[in-house]
Each structure stands twice: as structure tokens, then as C-alpha cells.
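# Descriptive structure summary
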Amino acid sequence: MAIRLHATPLAEQSEGEILRLSERYDAAVAGPESDENEILRLLTRQFSRRLDIPEYYRYTGLHVAGWYFARRTDSYEASLLLLHALVTDLIALEEREAGLHETTVEEGAERVRRLQAVLDHLGRSPVGPDRTMTSAELVRLADHDDVLARDLLVVTRCSGFRRSDKHDEHMFIRAVQACEIGFFLVRWTARRAAEALDHDRNEYVLHMMQLTWAAELLNVFFHALRTLTPELFMGFREATGNASAVQSLNYHLMELVVYGYDERKIETYDRFAHLTPINDPLLREFTSLRDAAARARNADVHKVFAASEAPLHIWRGRHYGFGRRYLPEMTGSGGTEGAGYLKRFVGKDGLKSGDRTDDVDRLLTQFAFC
């Protein structure tokens, strides 16, 4: 089933086939707990007619990543390994299908080169309290863990299904998934840094280094995504429907943790039911990382935050540039004004946060999906 779903664009699936996938999901949910039913649930959940799944999450299949993270104890290391698996899988696909689609051989080779740069960036991530291990070593160790290797294979095979018949949609959907993991990583490291700020300065510095690295990852991935020309992007954009990243929980929660609550987004939160929990007063009570760093009396703390936040600011500018290049004078798929919407949120001055620091329920450190 996974092979068929990857090989056949969803736009070519008949209404009857989609309905059967939905029925397979319901049967797997109602059936006994087994490996087969677990895989069937992951494969078919996004096709369910019974569940009210936002279009963005039907498209991205982030429930599979959520399943993976729920089985891990260290979210940071788990993220690095998952990113490595997704990028490696994408590179293999690009090399296997070089020259068979609208993308020229030269464009494909450049895409692979930039994806290799993503792998290089992954390999330089600081891991462990003494920062003596890199994620490249984690990957080597993971090769000897059969359960972990299986879980990573499950994620790559049970996600990334194209809606169109365009090869380049593979690059787009994997880039979106990678950015979601990047948003989660920034949020996770920001919460850890804020918690460590008052009692362990070395731990604070470590998590800020990891945050910087995760923010830079978003920019490295955007560089690879630029191999998708506007013409290639428009070839499949209509097939993505209303699956807009403006619906991303991980993105909005990342900004809440780093900068505070953005009242300019209230209309967006109210428009999508799954975003309304962000208006929960409890979330507004948490201290943003920026405010926590500003309250510290050590000037080095301020400098570390500024250095870590800089690549996030760059990424927002590039995201706006992406909108201008790929959606000139067009509305966004989430009902926004497109590039104009992105431009409004490049700046993050004046956002509010509270005094709470303890996240005992892990509201702000869990991978978010619908």
C-alpha cells in the first residue's frame, strides 16, 4: 500500500479508492493492537472521512512524525535522526529519477548538492552536555538499533504522498515536513534554555547553541528549496488545495515560545478551529525566551539570545521573499493575502508574555500535529 500511495498521485485516486482508504483506517482503529494495524493507521489516517483533520495536516501527514516522537525519550536527538532519514530518502529519489521529469538533469544535480549541504549541517549539530558528539555519530549509532531503524523507515514510507503527478512536489512536501521539525526543534530548545537560564548557565548556552543551529537549518533547507522554480511550483500548487502553512501549530507555538503572544494573529487563530487553543490564557502566561533573556542581569545572556535569534529573523525575511517570488500578486492557499501577510510578521517587537516558566504538562515542548 505504501509503494502504491507513493507511486500514484492522490489526484489520480478515484473517489471510491479514497473511500476504501478511509474504511481501512476505521477498520485498523477498531481492530486489535498489532503491528499491521499500527502501520495501516499511519498509512491511512490522512484519508479518513470520519476525522476532522485540517487540510494542512492531511497534506503533510505529520501524525506519522508525531507517532515517531512519542516513541523517543530525547526529542532533540530524535529530530536529528528523522531529518537525516527524510533528506537521505529525498536524495535517493532525486538521483533515481534524474532527468525523467520537468526538472532538468542540471537542476536535479544542483538540488542534490544543496540537500547534501543540509546533511552536512545536520552532521555539525551540537549534541550532549559536553558537545563532544555530533549528529553524524548519532546516525552511525542508529544503524545498529533495529527498532529505531524500523521506526525511521516507517516515517519515510508512511508520509510524503504527492497530490499531483509532478515530481517536484516531492521536494516541496519533504521541505515542509523538515521545516515543521525545525520549528519544533527551535521551540524545544527555547523552552529548555529558558528553564536553565536561572540555575545552569552552561546548560543555557548549550541549548542556545542548539537553537541557533536549528534556526540555521531552516535557512539551509530554504536554500535547497530554491531549486524549485516558480514555474515548477505552480505546476503542482493547485493540487495542494487549502493546505497552507499558516495552519501550522508548530510554527505559531515556536513564535509564542521565542517571542511571546502575537495579538496580530488573533484573526488567524480564530479562523482555524485547531489554532484556537493558542488563545488559551495559560499559554500566554509563559515567559518568552526573549523576555527571559532580557530580564537577566548578565550582558552575555543578551548577546547569546541576539545571536541565536538572528537566523530566525533571516528566515522570516526569506519566507517573505519566497512568497514574493512564488506567489506574486496572488493570495495564499490559507486565505491570506500571500506575501503581504508574511511581510506583516517579519518584525517581532512588542509581543507580550507572562511570568510562568515551569512547563510541567509539556504544553510547549511536544511535537504538534492534528
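In case you missed it, the structure is sitting above this.
About the cut-offs
Residues numbered from 1 in each chain as written. Predicted model: local features only at pLDDT ≥ 70, side-chain atom pairs only at ≥ 80, totals over all residues. Heavy atoms only, no water. Buried < 20%, exposed > 50% of the residue type's maximum accessible area, 1.4 Å probe, protein only. Helix = DSSP H or I, 4+ residues; strand = E, 2+ residues; numbered from the N terminus. Contact = heavy atoms within 4.5 Å. Core = buried A, V, L, I, M, F, W, Y, C linked by side-chain atoms within 4.5 Å. Axes fitted to C-alpha atoms, helices over the stretch in contact; angles between N-to-C directions. Parallel < 35°, antiparallel > 145°, perpendicular 65-115°, else oblique. Left-handed = near helix turned anticlockwise from the far one by under 90°. Disulfide = S-S within 2.5 Å. Polar contact = N/O pair within 3.5 Å; in protein donor to acceptor, adjacent residues only side chain to side chain. Phe/Tyr/Trp six-rings, centres within 6.5 Å; stacked < 30°, edge-to-face > 60°. Lys NZ or Arg CZ within 6 Å of the ring centre and 35° of its normal.

### Some thoughts on helix H3 (residues 35–44)
Counting buried residues along H3, seven of its ten residues qualify, which places the element largely inside the surrounding structure. Of the positions making up H3, those classed as buried are Asn37, Glu38, Leu40, Arg41, Leu42, Leu43 and Thr44. Where H3 is buried, its residues meet helix H1 (2–7), helix H2 (15–30), helix H5 (62–70) and helix H9 (146–157).

### Some thoughts on the nonpolar core
One finds Tyr68, Phe69, Leu82, Tyr204, Phe221 and Leu289 to be the most contacted residues of the largest nonpolar core, which totals 111 residues. With 17 residues, the single largest contributor to this core is helix H10 (residues 169–196). Dropping the residues within four chain positions of it, Tyr68 is found in contact with Ala78, Leu81, Leu82, Leu148, Asp151, Leu152 and Val155.

### Digging into the environment of Leu86
Tracing the backbone shows Leu86 in helix H6 (residues 75–96). What makes Leu86 buried here is its relative accessible area of 5%. Along the chain, Leu86 and Arg174 lie 88 residues apart, while their C-alpha atoms are 7.1 Å from each other. Setting aside its immediate chain neighbours within four residues, Leu86 contacts Val155, Thr156, Arg174, Gln177 and Ile181.

### Things to note about the packing of H10 against helix H13 (residues 249–259)
At a minimum axis separation of 9 Å, H10 and H13 run at an interaxial angle of 25°. Viewed along their axes, H10 and H13 adopt a mutual orientation that is roughly parallel. The handedness of the crossing between H10 and H13 comes out as left-handed. In this structure, H10 uses Glu180, Phe183, Phe184, Val186, Arg187, Ala190 and Arg191 to contact H13, whose residues at the interface are Asn250, Tyr251, Leu253, Met254, Val257 and Val258.

### What about the state of the cysteines?
Within the structure shown, the criterion is met by zero disulfides. Left without a disulfide partner, Cys158 is nearest to the cysteine sulfur of Cys370, which lies 19 Å away. As a non-bridged cysteine, Cys370 has Cys179 as the owner of its nearest cysteine sulfur, 18 Å distant. Given a relative accessible area of 18%, Cys370 falls into the buried group.

### Some details on the side chain of His167
In this structure, His167 sits in the loop between H9 and H10. A distance of 3.1 Å separates a polar atom in the side chain of His167 from a polar atom in the side chain of Glu94. Among residues more than four places away in sequence, those in contact with His167 are Leu93, Glu94, Glu97, His101, Thr103, Arg111 and Arg162.

### As for unusual backbone geometry
In this model, Arg362 sits at a positive phi of 55°, which is unusual for a non-glycine residue. As for its position among the elements, Arg362 is in the segment after helix H18 (339–344).

### Some words on the packing of aromatic side chains
According to the stated counting rule, one finds 15 aromatic pairs in the structure shown. Here the aromatic rings of Phe184 and Phe367 are separated by 5.4 Å at their centres, their planes lie at 90°, and the arrangement is edge-to-face. Note that Phe184 is positioned in helix H10 and Phe367 in the segment after H18, a separation of 183 residues in sequence. Looking at Phe184, the relative accessible area reads 1%, which means it is buried. Sitting over the face of the ring of Tyr261, Arg284 holds its NZ or CZ atom 3.9 Å from the ring centroid.

### Let's talk about H13
Within H13, eleven of the eleven residues are buried, leaving the element largely enclosed by the surrounding structure. Looking at H13, one finds that the buried residues are Leu249, Asn250, Tyr251, His252, Leu253, Met254, Glu255, Leu256, Val257, Val258 and Tyr259. By the N-cap criterion, in which a side-chain oxygen at the helix start approaches the backbone nitrogen of a residue two or three places on, H13 is capped by Ser248, the distance to Asn250 being 3.5 Å. Immediately beyond the C-terminal end of H13, within one or two residues, lies Gly260, with a positive phi of roughly 115°.

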